[in-house]
Each structure stands twice: as C-alpha cells, then as structure tokens.
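Topology and contacts: notes
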Amino acid sequence: MISEITYAEVRFNDASKSSGIDSSAETAWNCCPKNWKLFSSNCYFISTESASWQESEKKCARMEAHLLVINTREEQNFIFQNLEENSAYFVGLSDPEGQRHWQWVDQTPYNESSTFWHQGEPNDRNERCVTLNFRRYPRSWGWNDVSCDGHQSSVCEMMKIHL
Ligand code: MMA
Ligand code: CA
C-alpha cells in the first residue's frame with residue numbers, strides 16, 4: 001500500500017527529532033481537512049454536487065483524494081450514516097470494458113465476498129460505474145451499477161493526517 005505523508009508531517013517529524021517529541025505517542029493528532037469526516041484511518045468528503053464518474057474522480061484527485069474504496073462493512077456503515085436517502089453516490093469501483101471485471105480506483109483487489117450489491121445488481125453491462133443508493137423495499141443501502149455518464153453525487157476518501 002502507498003503511504004501518504006503531508007508537507008506539515010514532514011516538517012513536524014523533522015522538528016520532533018531534535019526536540020525529542022515522539023510523533024507516534026498518544027498525544028498525536030488525527031486530522032482531516034475542514035468539512036471532511038474522520039473514520040478509522042481515513043477522511044471522507046461527501047460531495048452533493050453531481051457530476052459524471054470520471055469528473056467525480058478528477059474532483060477527488062484535485063483534493064489529493066480518490067473516490068471511496070470500501071474495504072469493510074464498518075467503513076461502509078459509517079458512510080451510509082452520512083448520506084441522503086434520495087441521492088445516489090459514485091464510489092471508486094468501475095468495470096471499464098463492460099466485461100464485469102470490477103476495479104477499485106486505488107488497485108485494491110475486488111473481493112466477491114465483501115461486496116454489497118443490491119438484490120438483482122449488477123444488472124447491465126452498459127452500466128459500468130457503481131453508486132451507493134437507498135432502496136425502500138426492502139429498506140437498505142447497497143450498490144447499483146449505473147451509467148458512468150450520468151450525473152450523481154459522490155464520496156471522496158484520503159488517508160488521515162497525523163501530526
Ligand atoms: C434503474 C437503474 C438501474 C437499476 C434499476 C433497478 C431502471 O433502471 O438505476 O441501474 O439496476 O433501476 O430497477
Ligand atoms: Ca444497475
């Protein structure tokens with residue numbers, strides 16, 4: 001896995017060597033940018049501006065983030081708590097060739113046993129991008145394949161910053 005480090009962190013680690021402060025001690029701060037939400041090791045930004053999947057991924061990249069990669073049920077449940085039931089949100093999962101070869105934007109291997117597709121999804125090879133959406137019958141959040149060109153909200157993710 002690629003480990004991210006910020007400019008502030010480089011400066012702090014450098015300064016702490018000479019001052020004897022241990023940046024891994026309990027006093028370390030876990031930070032997210034303003035308006036982002038912290039969960040476990042990551043920061044999340046819920047964008048309600050809608051855009052195509054590619055544009056959404058570019059907008060995340062401009063903030064040094066990427067579209068949401070879902071690694072655990074706990075992470076996904078945290079995200080769901082912060083979403084609007086009437087919107088759909090692009091995540092960083094797509095099938096560029098329409099061959100049902102699902103790929104996460106950060107190269108995390110696609111693991112069938114931790115997927116959260118709604119019943120009956122994915123259902124269309126021309127729907128090559130994935131959204132999180134809420135269904136009323138039965139009441140649940142889950143994944144749906146949709147057209148990559150449609151405009152949807154999205155969720156960005158980056159590693160938290162530790163100071
Ligand atoms: C919509 C669209 C599809 C989804 C179906 C489920 C009609 O199409 O969101 O991606 O699979 O609904 O009924
Ligand atoms: Ca679908």
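To keep things clear, this report deals only with the structure shown in the data block. Please read these numbers as outputs of a predicted model, since none were measured by experiment.

How each quantity is defined
- Residues numbered from 1 in each chain as written.
- Chains lettered and ligands numbered in written order.
- Predicted model: local features only at pLDDT ≥ 70, side-chain atom pairs only at ≥ 80, totals over all residues.
- Heavy atoms only, no water.
- Helix = DSSP H or I, 4+ residues; strand = E, 2+ residues; numbered from the N terminus.
- Buried < 20%, exposed > 50% of the residue type's maximum accessible area, 1.4 Å probe, protein only.
- Contact = heavy atoms within 4.5 Å.
- Areas by Shrake-Rupley, 256 points an atom, 1.4 Å probe, with all protein chains shown as cover.
- Donors = N, O, S within 2.8 Å, 3.2 Å for Na, K, Ca; no water.
- Near = heavy atom within 4 Å.
- Polar contact = N/O pair within 3.5 Å; in protein donor to acceptor, adjacent residues only side chain to side chain.
- Nonpolar A, V, L, I, M, F, W, Y, C, P; charged D, E, K, R; others polar.
- Arc of directions from axis to C-beta.

Our focus in this paragraph is the overall build of the protein chain. Regarding its fold elements, the protein chain presents three helices and ten strands. Starting at the N terminus and walking to the C terminus, you meet the elements of the protein chain as α-β-β-β-α-β-α-β-β-β-β-β-β. In the protein chain, which comprises 163 residues, the share counted as buried stands at 39%. Taking the intrachain contacts of the protein chain between residues at least 6 apart in sequence as the baseline, contacts between residues at least 24 apart amount to 69%. Accessible area for the protein chain stands at about 10,000 Å²; split by element, carbon and sulfur atoms hold 48% of it.

Summarising the metal site, the calcium ion (ligand 2) is bound by the protein donors Glu121 (OE), Asn123 (OD1), Glu127 (OE), Asn144 (OD1), Asp145 (O) and Asp145 (OD), whose distances to it range over 2.2 to 2.5 Å. Along the chain, the residues donating to the calcium ion (ligand 2) are arranged with the sequence spacing E-x1-N-x3-E-x16-N-D.

Around ligand 1, the structure places Glu121, Asn123, Glu127, Arg135, Asn144 and Asp145. The contact in question runs from an oxygen atom of ligand 1 to an N or O atom on the side chain of glutamate 121, over 2.6 Å. Aspartate 145 places a main-chain nitrogen or oxygen 2.9 Å from an oxygen atom of ligand 1. Here ligand 1 loses 44% of its free accessible area of 330 Å² to cover by the protein chains. Residue classes in the shell around ligand 1 are distributed as no nonpolar, two polar and four charged.

A word on helix α2 (residues 53–62). When α2 is considered as a whole, its buried residues turn out to be Trp53, Ser56, Glu57, Lys59 and Cys60. Within α2, the buried residues cover an arc of 155° as seen down the axis, which keeps them to one side. Facing away from the buried side of α2, by more than 90 degrees, are the exposed residues Gln54 and Arg62. On the buried face of α2, the contacting elements are β3 (42–51), β4 (66–67), β5 (89–94), β7 (129–136) and β9 (152–159).

Along the polypeptide, cysteine 129 turns up in strand β7. Looking at cysteine 129, the relative accessible area reads 1%, which means it is buried. Through-space distance from the C-alpha of cysteine 129 to that of glycine 98 is 9.6 Å; in sequence the pair is 31 residues apart.

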